[in-house]
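Coordinate analysis (summary)
Each chain is listed here by its residues.
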Amino acid sequence: MSASEAAEQQSSSDEDGNTPVPEDPTPVDDPEPEPEPTPEPPPPGDTIAWEPQTWYSITYACRTAGCRNENQVKFAPMFYSNDGLSKNIRVVDAADDACKKDCVILTADKLDPQPVEE
Ligand SMILES: [Zn+2]
């Protein structure tokens, strides 16, 4: 036993009969705060509330890696929503040397007034 330990022993013996309450060994229930859920941004297109049989002006972009139109935002002044289901609302990158794959529709603005159908 070293000299300093002996000194502590001496000082604690002065508190005889005055035993400090031992600390509760139970860990405080302090769980990690729930991390804020980071919502994945919904894929573009699903956020657009398409109305069926409606004309829109849209912007769209090809997302095909390596395509010459990749990430080039384009504008279509007249785009028909068909039955309003997003699976039936598609823009194909159909230029001659493009990928011929579906583009992502970024925005859609309902035409007002709607063009008169012939
Ligand atoms: Zn493309």
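From a predicted model like this one, the values you see are computed outputs, not experimental measurements.

Following the sequence through the fold, A65 ends up in the loop between strand 1 (55-61) and strand 2 (73-80). C-alpha separation for the pair A65 and C99, spaced 34 residues apart in sequence, amounts to 9.3 Å.

This part is about the sheet that holds strand 1. One open sheet accounts for 4 strands, arranged 2-1-4-3; its pairing is antiparallel. Edge positions in the sheet fall to strand 2 and strand 3 (91-92), since each of these pairs with one other strand and no more.

Our focus in this paragraph is the pairing of strand 4 (residues 102-110). Here strand 1 runs beside strand 4; their pairing, made up of 6 bridges, is antiparallel. Within strand 4, the position partnered with Y56 by the bridge is K110. Here strand 3 runs beside strand 4; their pairing, made up of 2 bridges, is antiparallel. When the sheet's bridge partners are listed, V91 is paired in strand 4 with C103.

Analysis parameters
Residues numbered from 1 in each chain as written. Predicted model: local features only at pLDDT ≥ 70, side-chain atom pairs only at ≥ 80, totals over all residues. Helix = DSSP H or I, 4+ residues; strand = E, 2+ residues; numbered from the N terminus. Pairing = 2+ DSSP bridges.

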